Amino acid sequence: MAAKIAGNLEGCNVSIIVQQLQGAYERGQLKNALYQYWAQQVPKIFFTSAEVAISTQRTPDAVQSEEKLSRDVLFEPLEWFLCGGNPAAVFQQLQSLNNPPQLCGKVFKVGEPTYSCRDCCADPTCVFCIECFNKSTHKTHRYRMSTSGGGGYCDCGDVEAWKQDPWCDIHKQGLGQQSQNPIEKLPPDIAARAWEVLKIALQYAVDMLLWEQMGGLPQDLEPSVPQNTYVTMLFNDEIHTYEQVINALTKAINCESKEAVEFATVVDREGRSSVRYGNRKSCDEARTVIQKSTSSVRSKPLKVEVMHTSVCAHQAFAQKVLNWLGQVVNHSDGLRHILCTTALQQPPTGDPCVVERLMLADTALWKTARVQCHQIMMGSLLMDQESKKQFSVLYTRNYPQVQKDFMADDHDHGVSIISLSVQIFTVPTLARYLIMEHDLLAIVIRTFLDQCASCRHGRYLLDREKLQKNFRRLQFPLLDLKYVLSMVPDQWNDQLKRKFLNGFKIMVELLTSMQGMDSVTRQVGQHIEMEPEWESAFNLQIKLAPAVAMMAGWCATDKMVLIDAFRIVVKALLEIRGTADTVKMCKRRVCDQEAIVVDYTVSREPVSIHLPICRLLAGLYLQLGKHGLTFNSPELYGPLDWTSPQARLSRASEIAHRASACPTPLVLARSQPPSAMDLLEQPLRTLVMIAQVHAEMWKRNGYSLFHQVYYYHNVRCRAEMQDKDIIMLQVACAQMDPNQFLIALLNKFELMNWIEGDFDDFIRLFFYGRRRDVTEKGGSATDVSAESTRDLLRFTNSLVEEFLTFLIIITGERYVPGIGQVSSEDMVRREVIHQLCISPMAHSELSKALPENNNYETGLEGVVHSVASFKKPGVTGMGRYELKPEFYKDYNPFFYHYTRADQSKSEEAQLKRKKQEGESTACPPPELPALSKEFSSLVNVLECDVFVHTIRMVLRRVNSSRSRSWTEAMVHRALHLVGMALNEEKRLYQTSPYIRFNFVKKATEGGSNSLYSALHDLLGKPRIQNHADLLTWVIDRFDEVKDLKDQKQGASDAQKAKKVSSKSKTDAERKKKAEAARKRREKILAQMSDMQKSFIRDNLELFEATGTELSSSPSMEVEGSPMVVPSQYPVAVGPDRSPATHVTLTTSTCILCQEDQEVAAGNKCVVLAAYVQRSTALSKSRGKVLEDPDKYDPLLVSPDLYHGVHTSTCGHVMHADCWQRFYEAIVAREQRRALRFRHILSYEVDRGEFLCPLCETLSNTVIPILPPSSTIQPDSVSADISLSFSDWLDGLKKTVEASQRAMMKEEEDKMESSDDMPVLSPCPLPSITKNMAEMAAQGFQQLFEYMTETGAQAPYSDSVKEMMKLFSRATYTFGLGLDPNDDDDRVPITAWGTCAYTIRTLEWLLRDQGKPLFGSLSSRQADCITALVRVVTVSGSLSDPQTISKSALRLLSALLPQEPMKNIPCILDLDMFFTLVFLHVTISSLYCDENTAAGGTIRGVALNDKHLMHLVTAAHLVQILLAANFTSADTPMDTEETAEGSAWVKLFMAVRKEAGVQTPVVPSGWQLQTYVRESVLPFLRCSALFFHCHTGVQSPAQLQESGVSEFEPLCQYLALPADLSSLLLQNSGADVGHVVPHTIHSKWCHYPGIKESLASGPASLVKYPVEVNRLVPLPHDYSDVINRGSVFTCPRSDGDDSRAPTMCLVCGQMLCSQSYCCQTDLEGEPVGACTAHIYTCGAGVGIFLRVRECQILLLTGKTKGCFYPSPYLDDYGEHDQGLRRGNPLYLCQERYRKLQKLWLSHSIPEEVVHFMEANASFATIEWQHL
Ligand SMILES: [Zn+2]
Ligand SMILES: [Zn+2]
Ligand SMILES: [Zn+2]
Ligand SMILES: [Zn+2]
Ligand SMILES: [Zn+2]
Ligand SMILES: [Zn+2]
Ligand SMILES: [Zn+2]
């Protein structure tokens, strides 16, 4: 097809076209010529046939040819014409004319790392790309790392984005260049043509993209030969799900669901896709079906259009033109400037310019077209300073319309033009210019207001429904507002002031509409019926708060702006309050003080939590002081009185402006200051309501109110809610007489009854039913008729507590700059101190508890080190900050940001600490900073009459035995308040010479009725026991202050001595107690630590796995137990082996029936729960998959161990029959459960899985526990057999020969059925021995014959046998993934294999951790291999003897090869440890025949073992020598070679010569000896583990320590000579008996396959020593990982970004996870890339790093998985899931090693299941789609 098109275009010679264009250009007809050309060519290239038109049928070839054609035919001529020569050369030349770039401007792709400097950024949207960042100084600052969501560009070089060092080293080079108009630098002819070409191309592209008639083209593009083909175009929306689209498509175009998925993917990615190609009718039909099947009551149908192919073709070309333009202007600043000018030029017709058209049509375009438009805007307009300004003006002008379009659209914010806001509004100069010249502030706020509210009678009403449904879309103007306001102007001018205030006024309108929102009335009697919606108001509040705070910040910088803003807000407040008529006032009296208060009962009338106007006023109020203003300054209300003439002048001009420009003139007329009562009323109502909520009076109002109260106080909202309300109350309090203030408070708290002296009588009367008209007294707390007295009392007591707390807050919360004399650091420091008084905290916990400013900064780092010390984390957990001890004195239990839980937690913690330190348990009020001048009268509350009266009354009631109206909490608060008053008086005495604060005086007045004596009366009262220490402290402090006062007044201090003595007495007593307590504690601690140490020593690893039930572990491991230590060196192999040190296995307790059971062969069988899994962890050929399990030979195992079967156990013991009953019950339960009710289990019953009934570890079978073989078969019997190694070898060799001969003869006999594999059958023993020397024959006979004799009675019970079979079956079915088949000969072999594989794994694990071979396995690991080895070693005698015998023969024919056989590999392809284990199991049955009964044993096991050990080791040595690959030869240290060394050299040369391999480098003897010893070590270690488990012989002491040379102890333990070369070469003087003769070497080296293996080079051979596999190395810095992820593209959708790049930690491959594009089929089910990968890489188990989320993903099987914290930590020792905090992250090696261990120990499935059991949410994730 491609060829045909190319054929059509033949003759399209570029130079001819260029000539034609040149001609037309000269005639002024360039546009016509180009359009004609395009009209002709474009439809021939794009959308020419179904193959090219239908997205999913596009082959890479078709795409490529389209690309190439459009390049050759369309763009090439255009470039030649534009450049007037070779484009490549010309563009290069133009590039050299550019000024070196000062701006980076790199546009980010999704997932690319971005960096922001927290010290220097102007706002958090300012970012660097990684290249710039690495070359900048900010690398050493506090930076934040994040990944881009796509869009946006690097701000390097933008002087407004950074407070310092805006340039990286690269872009610094662009500095100091003269900026000349870039167009002037262009050659004039090119410039002239560029004006034309760029204009026509841009015009064309935009016209075509916005073309609306789908049936045909504009006239000048109509082709000469019209076609009649159409496509059905399907568009994306964000409403329909993937599934719905796929469903519709399968119906409409009748395609496979796989194809539909591809369509849906394209639609999602590109925004549209053609799904059908054909004539109009068929396309229409498809459209109808799709629309029908996707429309529903709730949603519009999917957008589908039938389009003429020529329209599609031109649109496709138009997109390419846009890209092309982007590339062209990238070459040259001049060309860019031309393009920008063209784009912004308004046509003479008066129509909008191109940019404006695109802006307004944004939502009409599909996804990719939009993105391309935005990209070209960013690449051209925003890179050119002047154009950027013009663009931003256009953008501002169209802002309301663009927002409106966005509201109606359904696409994400990221693909909308409004996402460009951030590029414009965050530039401070630009933002300021737009505010001044184009009224940006007003436009943005008005846009928002218009979208969410309607205006009625001059007041805005918020549209709840819109807020609720569309807030996600609505909120963007608020975000823009934040950008615009982010930089506070340092200079104001009249215009800026005017425009700012204009915006401010609209903001106040908006806030006015929110004031009093969602008000609630207390529900009495019945619970509310419907929870009212509350979230939308809070959403609005949260998004609006920063902007409001910033506006207040702007106001603060200029006195006149502040004054005007203040007036605007006051006016709004007074309007809200209404006139005096609507506010009811009344009189209240408390102890001779009278006050007029607002009559409004919170518990009966509506109250709202939203008071933004009051809060704005509070914010502004705090700024007044900066400009020397006070609340009553006449400037704020009175006529103008400007002292400076300049101010007067600008003021006058302002008034003039206002008169003309503002629609409604601002209030300038004289106004009254609002009364303190006006300020107080609203916030007080809210606070009282919250107090009542805390007192549980609003319970019937439901959760909605509860949530609101929660957020009101929460760190996210409190700065602009609770804190501002408190400030407002403090403002009011500072203005008022303290007595009146308190009466107003008491009244609002509805405590007027309580404050009366006879309240208790009142309650009592009431309680006995004698009702009285309580309401008469006014301000009754509750509706008496409805509520019981009990409630009344309870509510009142709680309210009093709240009231007292409230007083503590009002007078004590001074850590706000403006209220107290503090800095903002002091404020943060105090927050930190109080958080740390709760408990030590991690950095992230602390940050979360602190409010963030607009730059997401909390100021934490600046202060935390001054108050806390950092404790580093261990392998788990996080690093934590601990408060330095000297700051505990600043603790205030009534800190206003504490929740109730925080409060009690902190008190508990402090109490505990103080008791430990032996301090007084009092937490007295901390000493406070001085108040600012404005607020200095606040403290007067603490000494006014009403206060003293109130406190005295509380204390008196406590003291009165009859009173019911007191609580402990009340006393606590009252004492605290007294302490505060005393502190205050003390502070004042110390700082000022003259004070009027007279608390002490007032508190001592009245003699025995005074507050002071009320305090004394409480001393020693049991009622206040919990606060006794505080009381003592208060009295002490009282006396201290009194003395101060007396001193001041020159009075005598006679009483002093007495007081001090009483004080010191109590002190001494306390100290004594404390000392005793300390000693006691130390003793306990010492005991504890001893216990802990021994516990850890005993149970180091066991603890994590076996939980608490240590007793039920069978502990078969003998290490460490106090047993008879043999005096001789232990030997585990051969007839001379040391006696077993196993005591017969002790009894185990069944975890199910709790009965003890002795393990013995004939007893009831006990089993261990076990998990069998396939594994590739040890694979040296990563990615090699077990292709066909049916053909797999588990007997002759390849040394690359590409596939293995691993077994593990949790170590819990059950009776076999108990377990069977348990398991059957599970299965039955699952079967009974109807399918739809089946909850998702973490284990799959139909795969035989269950959880250990005790520890819930995943299991899928059981291993029977057998007694050690020594208890069944006494060793002594074999001792008298004598058979030399060479005779033994000779006999076996003969056996192999004879069997091979027999087989070949048989084969010849039945030529016809040659399909069958030739089967080796063993020949009878006599036929071998008859050819041997007599002595040898006798020995050989003895060695093997017993097999046939003692078969009579098998020692094992049936149940043991059954369990053994069950276990073998499990290894076969789970290990090979086959259906159970007991007849398969491979069933027992896979069980032996899992034993060898598990031992190999454990050897690796120990090696990886540098632990000694013996004594460091956990008891579950030790139990596991011991049980496995015992099962395996007896399995040889319990299976069908003939099968075993055949296996033995096959193994021997590989080890002692005679004639080459096709299914017997060479020794290089054989794992020797597996071979050793298998031969050990099978060799005894070598000579059995049909007549041999199963279950027999032979005597010669021990001797066989020894000979086998020698033979297999020898073979392994040859293997090692052959695989050696020396690249350089060492010169030996000393000239003298050891005998062993030279023997190795000799052998090395010999075997390699024999095998015919080149040996370019001959190593030295020493070098070779070291190599051999190292290489053979893993094999020896595994063998030692195996024989240790098998025989129970004590392990040598050397092997229980780490760091010692293991080689010689191992050889000795395994009965091998220390000089292993003597196994292969007869040295003079060495043991003659155990040499493998040269004839056998020769056979090994000549065996077919050896040559090929060796010739293919060292890469394909397993290298010795076999190294431990590790997870892939990870970079130290996480940004390198992010970067790696960002350059990774989805392998299946040509070059697109992957949404969830995920790295396999086993092989390092990057995958495109969690995405439809990379789904594949696995066993007929669609699975994601990760799941697909684990089946090739990890045998169904995988460990991944999710790059974007920075978390570990563990997967096992298709349905199970979990997320896990990543090993990357920040400086605070915390990981950052989802990169939310953005601190720099570095790899923690320890944690990575922990993951490595998890993986290598095969614990992933177990870990996943534990996690899934613990986290219900994990069960709902569809892991297979990841
Ligand atoms: Zn950059
Ligand atoms: Zn840079
Ligand atoms: Zn910096
Ligand atoms: Zn039991
Ligand atoms: Zn268990
Ligand atoms: Zn992998
Ligand atoms: Zn993909």
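Coordinates for the structure precede this section.
Small disclaimer: the values here were computed from a predicted structure and weren't measured.

Scoring rules and cut-offs
Residues numbered from 1 in each chain as written. Chains lettered and ligands numbered in written order. Predicted model: local features only at pLDDT ≥ 70, side-chain atom pairs only at ≥ 80, totals over all residues. Heavy atoms only, no water. Donors = N, O, S within 2.8 Å, 3.2 Å for Na, K, Ca; no water. Tetrahedral: all angles 85-135°; square planar, octahedral: opposite > 155°, others 65-115°. Buried < 20%, exposed > 50% of the residue type's maximum accessible area, 1.4 Å probe, protein only. Helix = DSSP H or I, 4+ residues; strand = E, 2+ residues; numbered from the N terminus. Expected span 1.5 Å × (residues − 1). Core = buried A, V, L, I, M, F, W, Y, C linked by side-chain atoms within 4.5 Å. Contact = heavy atoms within 4.5 Å. Phe/Tyr/Trp six-rings, centres within 6.5 Å; stacked < 30°, edge-to-face > 60°. Lys NZ or Arg CZ within 6 Å of the ring centre and 35° of its normal. Pairing = 2+ DSSP bridges. Axes fitted to C-alpha atoms, helices over the stretch in contact; angles between N-to-C directions. Salt bridge = Lys/Arg side-chain N within 4 Å of Asp/Glu carboxyl O. Parallel < 35°, antiparallel > 145°, perpendicular 65-115°, else oblique. Left-handed = near helix turned anticlockwise from the far one by under 90°. Nonpolar A, V, L, I, M, F, W, Y, C, P; charged D, E, K, R; others polar.

**Digging into the coordination of the zinc ion (ligand 4)**
Alright, step 1. Each protein donor to the zinc ion (ligand 4) is listed here as Cys1150 (SG), Cys1153 (SG), His1215 (ND1) and Cys1218 (SG); together their distances run 2.0 to 2.4 Å.
Alright, step 2. Around the zinc ion (ligand 4) sit 4 donor atoms, and with donor-metal-donor angles ranging over 95 to 119 degrees the site reads as tetrahedral.
Alright, step 3. By relative accessible area, Cys1218 is classed as buried at 9%.

**Observations concerning the coordination of the zinc ion (ligand 2)**
For a metal with four donors in a tetrahedral arrangement, the ideal angle between donors is 109.5 degrees, while six donors in an octahedron ideally sit at 90 or 180 degrees.
Alright, step 1. Here the zinc ion (ligand 2) is held by Cys132 (SG), Cys156 (SG), Cys168 (SG) and His171 (ND1), and the distances to it run 1.9 to 2.3 Å.
Alright, step 2. Around the zinc ion (ligand 2), the 4 donor atoms sit at angles spanning 103 to 113 degrees, and that spread fits a shape best called tetrahedral.
Alright, step 3. Written as a sequence motif, the donor arrangement for the zinc ion (ligand 2) is C-x23-C-x11-C-x2-H.
Alright, step 4. In this model, the zinc ion (ligand 2) sits 4.3 Å from the zinc ion (ligand 1), the two metals being bridged by Cys132. Neither Cys168 nor His171 differs from the other in exposure class; each is buried.

**Things to note about helix H31 (residues 676–694)**
Alright, step 1. Its 19 residues give H31 an end-to-end C-alpha distance of 27 Å, which sits within 8% of 27 Å, the value for a rise of 1.5 Å per residue.
Alright, step 2. Counting buried positions along H31 gives 17 out of 19 residues, so the element sits mostly inside the fold.

**Considering the nonpolar core**
Alright, step 1. Of all hydrophobic cores here, the largest spans 310 residues; its most connected members are Trp38, Phe500, Phe504 and Phe999.
Alright, step 2. With 13 residues, helix H10 (residues 188–209) is the largest single contributor of residues to this core.
Alright, step 3. For Phe500, the contacting residues outside a window of four places in its chain are Leu441, Leu485, Trp492, Met551, Trp554, Cys555 and Val561.
Alright, step 4. With 248 residues, the next largest nonpolar core counts Val1197, Ala1216, Leu1610 and Met1703 among its residues.

**Re the packing of aromatic side chains**
Centre-to-centre distance and the angle between the planes together describe a pair of aromatic rings.
Alright, step 1. Scanning all chains against the criterion turns up 55 aromatic pairs.
Alright, step 2. Relative to Phe425, the ring of Tyr395 has its centre 5.9 Å away and its plane inclined at 65 degrees; by these criteria the two rings are edge-to-face. Of the two residues, Tyr395 sits in helix H18 (residues 385–397) while Phe425 sits in helix H20 (residues 421–425), which places them 30 residues apart along the sequence.
Alright, step 3. Taken together, the aromatic side chains of Tyr35, Trp38, Phe46, Phe75, Tyr204, Phe317 and Trp324 make up a single cluster linked through ring pairs.
Alright, step 4. Note that Lys303 overlies the ring of Phe235, its terminal NZ or CZ placed 4.4 Å from the centroid.
Alright, step 5. Above the ring of Tyr600, the side-chain terminus of Arg685 is found at 3.5 Å from the ring centroid.

**What to know about the sheet that holds strand S24 (residues 1751–1756)**
Alright, step 1. Read from one edge to the other, the open sheet built from 5 strands follows the order S20-S19-S23-S24-S25, with strand pairing classed as antiparallel. The open sheet has two edge strands, strand S20 (1710–1712) and strand S25 (1760–1765), and neither has a second partner. In this sheet, neighbouring strand axes are inclined to one another by 30 degrees on average, regardless of whether the strands run parallel or antiparallel.
Alright, step 2. In the sheet, strand S19 (residues 1701–1704) pairs with S20 via 3 bridges, with the strands oriented antiparallel. In the strand pairing of S20, Thr1702 is matched with Leu1711.
Alright, step 3. Along the sheet, helix H67 (residues 1804–1814) contacts strand S23 (1741–1746), S24 and S25; its crossing angle with S25, the most-contacted strand, is approximately 85 degrees.

**Side note on the sheet that holds strand S5 (residues 304–308)**
Alright, step 1. An order of S4-S3-S5 is seen for the 3 strands of this open sheet, with the pairing classed as antiparallel. Unpaired on one side and paired on the other, strand S4 (272–278) and S5 mark the two borders of the sheet. Each adjacent strand pair in this sheet contributes to an overall mean axis angle of 30 degrees, direction not counted.
Alright, step 2. As defined by bridge partners, strand S3 (residues 230–235) adjoins S5 across 5 bridges and the pair is classed as antiparallel.

**What about the pattern of salt bridges?**
Alright, step 1. By the definition in use, this model includes 75 salt bridges.
Alright, step 2. The residue Asp1471 makes a salt bridge to Arg1400 at a minimum N-O spacing of 3.1 Å. Separated by 71 residues along the polypeptide, Asp1471 in the loop between helix H56 (1441–1455) and helix H57 (1472–1482) and Arg1400 in helix H54 (residues 1386–1408) bring together distant segments of the chain. The residues Asp1471 and Arg1400 share a single accessibility class, namely buried.
Alright, step 3. Each of the salt bridges in this network shares a partner with another, and the network as a whole consists of Arg118, Asp119, Arg142, Arg144, Glu857 and Glu861.

**Some points on the environment of Val231**
Alright, step 1. Examined against the element boundaries, Val231 turns out to sit in strand S3.
Alright, step 2. Look at Val231 and you get buried, because its relative accessible area is 0%.
Alright, step 3. On a C-alpha basis, the gap between Val231 and Arg287 in space is 9.8 Å, while along the polypeptide they are 56 residues apart.

**Points about the packing of helix H34 (residues 738–748) against helix H36 (residues 789–812)**
Alright, step 1. Between H34 and H36, whose axes approach to 11 Å, the crossing angle comes to 140 degrees. Classed by the angle they form, the pair H34 and H36 counts as oblique. When the axes of H34 and H36 are compared, the crossing they make is right-handed. Here Phe741, Leu742, Leu745 and Leu746 of H34 lie close against H36, whose contacting residues are Phe803, Phe806, Leu807 and Ile810.
Alright, step 2. Among the residues making up the contact of H34 with H36, the classes are represented as 8 nonpolar, no polar and no charged.

**Some thoughts on the pairing of S3**
Alright, step 1. Taking burial as the measure, the 6 residues of S3 include 6 buried ones, the bulk of the element.
Alright, step 2. The alternating pattern of S3 places Tyr230, Thr232 and Leu234 and Val231, Met233 and Phe235 on opposite faces, both of which are buried.
Alright, step 3. In this structure, S3 lies alongside S4, joined through 6 bridges in antiparallel fashion. Note on S4: the bridge partner recorded for Thr232 is Arg276.

**Let's talk about helix H24 (residues 476–485)**
Alright, step 1. Burial runs high along H24: 9 of the 10 residues are buried.
Alright, step 2. Those residues of H24 not exposed but buried are Phe476, Pro477, Leu478, Asp480, Leu481, Lys482, Tyr483, Val484 and Leu485.

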